[in-house]
Structures are given as structure tokens and as C-alpha cells.
Amino acid sequence: MTLIEAGPSGLLRLAPSILAADFGALASAVEAIDEETDWIHVDVMDGHFVPNVSIGPPVVESLRRYSGKFFDCHLMMTDPGAYLEAFAKAGADGCTVHVEVGGTAALIQDARSLGLRVGLAANPDTSFADVAPFLADIDLLLLMTVFPGFGGQSFMGDVMDKVKVARHEIDTQELALDLEVDGGIDVTTAPIAVNAGANVLVAGSAIFSRANPLDAARALRTAAVTARS
Ligand code: DX5
Ligand code: ZN
């Protein structure tokens, strides 16, 4: 594993999003960046919660054979509860559901009972108050820095106020909670997110759309670590 130094806000983790990789060569894409990967971020889109369709449990199951890393599955789905078991069986390590779909308490319980690490996601225009009641029951809070649905969008800096509030609550309540940001993360925006309090950085385009994804991941990690020090 390449987990880097522990800080007051927990480990900093780089989570490359395979959404930006070549779907025809996913195994070699994840293998190529393995040494700079902490988590593999799997973006699951159902064509309903978001206007795009991506991948599901069969791809997780296949990819599982090529990577021992933590599979961080981001379920952009209207009905994630119907698929949690399939993701768990396929080899997902963690599943993140969106607070906007409702039924959050039951979804958290279902994911937990399947042995999954549990994440809760909030869109850029969803307030911190909507996720706050669940903080003690989850392992990861994902604050979207773009509106979900597509890779390659621009980072929304105004979400950083919410990241700061979340970091303050996590530290004040001494919660063992990862704070993840997703969308438009690159060498310029990663330090901004880390300085605001994020400790898990999802990046798709900034890694897989580059000529050398491994070098790009390394540069991203360096930028994030530098921001921390
Ligand atoms: C957006 C996805 C993100 C996205 C990140 O719907 O949840 O994970 O793929 O891609 P980049 O890094 O290209 O913004
Ligand atoms: Zn995502």
C-alpha cells in the first residue's frame, strides 16, 4: 500500500476514478497506477439519479482479480439498496450512497450488515445539515465538488466552505471518518481541498486522461502532501 503519512485528520488517500480510464483495458489501467493508488474509485451511474450510465457489479467482480486495493464504489443510483448485496458479492470494499435519494438510515444499516465500509455522499447544492445526523454511523463522507454524472468537469471551489465545516465537526466529535472530495481534482485543486480538510482525493481525468497516468498520480500525491506539510 502507498498510504502516506498520518496527520491530524487521518491518512491522505489517493483514489483514482476508473471512469476516466479506457473501459476496454481497465485491468491494465489499474495495474499501471498501482504503486500510487490507495483506493480504486468506481463510479456507478444508473441513468436515473444521474443522466449517464457507466458500470456495475460485473465490472467490479472482473477487476477484483487484478487489484487488491480497496474498491471505493460511488453509487450514483436512485435505488442503491437494490444493488448493495451485488456489490458486496462482487468484491466491493466500500459503498457510498447519496443522501439525496432518501432512506439513508436503512441504507447505512443494510450496507453495514453486508460487511461493507459505508459512505454517504452529498451533491454540491446539498447542505451539510442533511448529512450531519448520520456522521456517527458512517465511515466516509463524500462531498461532491462537481454535480455527479460526468468526468472532466471543473472543480467547484465554493464547496470548500462545506468541507471546512465537515472537517471541524469530524475533528470536534473525534469521529473516525474519511472526508472525500470528488470532481475536478488535479494538481491545482487538490491542495485547496486538502487545506480545507479533505483526506481522500478522487481523481479521474487528472490521472487517466494524461499521457502517463502513473506520473500524473505521483504528481497529484506530491501536490497533496505538499499542501499538508
Ligand atoms: C462524477 C464522478 C467522479 C468523476 C471524477 O460523477 O463521481 O468520480 O469521475 O472525474 P474527474 O476527476 O475527471 O472530475
Ligand atoms: Zn465518484
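Per-chain numbering applies: the sequence of each chain, read as written, is numbered from 1 onward. Written order determines the labels here, with chains lettered from A and ligands numbered from 1. Per-residue local features of the predicted model are confined to residues with pLDDT of at least 70, and side-chain atom pairs are confined, for both listing and counting, to 80 or more; whole-chain, interface and lining totals are unaffected and use all residues. Note that water and hydrogens are dropped before the side-chain values are worked out from all heavy atoms of the structure.

A. Structural context of the coordination of the zinc ion (ligand 2). For the zinc ion (ligand 2), every protein donor is listed as His 41 (NE2), Asp 43 (OD), His 74 (ND1) and Asp 182 (OD), and the spread of their distances is 2.0 to 2.3 Å. Around the zinc ion (ligand 2), the 6 donor atoms are arranged such that angles at the metal cover 67 to 167°; this shape is classified as octahedral. For Na, K and Ca the donor cut-off is 3.2 Å, and for all other metals it is 2.8 Å, counting N, O and S atoms only; because water is absent from this set, sites may look incomplete. Look at where the donors of the zinc ion (ligand 2) fall in the sequence and you get H-x1-D-x30-H-x107-D. Taken as a pair, His 41 and Asp 43 share a single burial class, namely buried. When four donors show all angles between 85 and 135 degrees the site is tetrahedral, when four or six donors have opposite pairs over 155 degrees and all other angles between 65 and 115 it is square planar or octahedral respectively, and in every other case it is irregular. For each residue, the accessible area found with a 1.4 Å probe, counting protein chains only, is set against the maximum for its type, and the residue is called buried under 20%, exposed over 50%, and partly exposed in between.

B. The confidence of the model for the protein, seen in detail. In the predicted model, the protein carries a mean pLDDT of 95, and the fraction of residues at 70 or more is 96%. Taken element by element, the protein is modelled with least confidence in strand β1 (residues 6–7), mean pLDDT 38, and with most confidence in strand β6 (residues 94–98), mean pLDDT 99. The predictor reports its confidence for every residue as pLDDT, a score running from 0 up to 100. Residues are treated as being in contact if the distance between any of their heavy atoms lies within 4.5 Å. Taken as a whole, residues 1–9 scores under 50 in pLDDT and shows 26 contacts with residues more than four places along the chain or in a different chain. Each helix is a run of DSSP H or I of at least 4 residues and each strand a run of E of at least 2, with the numbering of both proceeding from the N terminus.

C. The arrangement of the packing of helix α6 (residues 160–172) against helix α7 (residues 189–196) in detail. To obtain each axis, a line is fitted to C-alpha atoms, and for helices this fit is confined to the stretch in contact; angles are then taken between N-to-C directions over 0 to 180 degrees. Running from amino to carboxyl end, α6 crosses α7 at an angle of 35°, the nearest separation of the two axes being 8 Å. Mapping the contact onto sequence places Met 160, Val 163, Lys 164 and Arg 167 in α6 and Ile 192, Ala 193 and Ala 196 in α7. Following the grouping adopted for this structure description, the nonpolar residues are Ala, Val, Leu, Ile, Met, Phe, Trp, Tyr, Cys and Pro, the charged ones are Asp, Glu, Lys and Arg, and the polar ones are all others, Gly among them. Among the residues forming the contact of α6 with α7, the class breakdown is 5 nonpolar, no polar and 2 charged.

D. Representation of the pattern of salt bridges in the model. A side-chain nitrogen of Lys or Arg and a carboxyl oxygen of Asp or Glu constitute a salt bridge if their distance falls within 4 Å. Tallied over the entire structure, the rule returns 12 salt bridges. Asp 34 serves as the salt-bridge partner of Lys 69, at 3.2 Å between the closest nitrogen and oxygen. Of this pair, Lys 69 sits in the loop between α2 (57–64) and β5 (70–76) while Asp 34 sits in the loop between α1 (26–32) and β4 (39–45), and the two are 35 residues apart along the sequence. One salt bridge in this structure joins Asp 139 and Arg 112, with 2.7 Å as the shortest N-O distance. In this pair, Asp 139 sits in the loop between α5 (128–131) and β8 (140–144) while Arg 112 sits in helix α4 (residues 104–113), placing the two residues 27 residues apart along the sequence. You can call Asp 139 buried: its relative accessible area is 15%. Arg 112 gets classed as partly exposed once you look at its relative accessible area, which sits at 36%. Among the charged side chains, a network of salt bridges with common partners joins Glu 35, Glu 36, Asp 38, Asp 215, Arg 218 and Arg 221.

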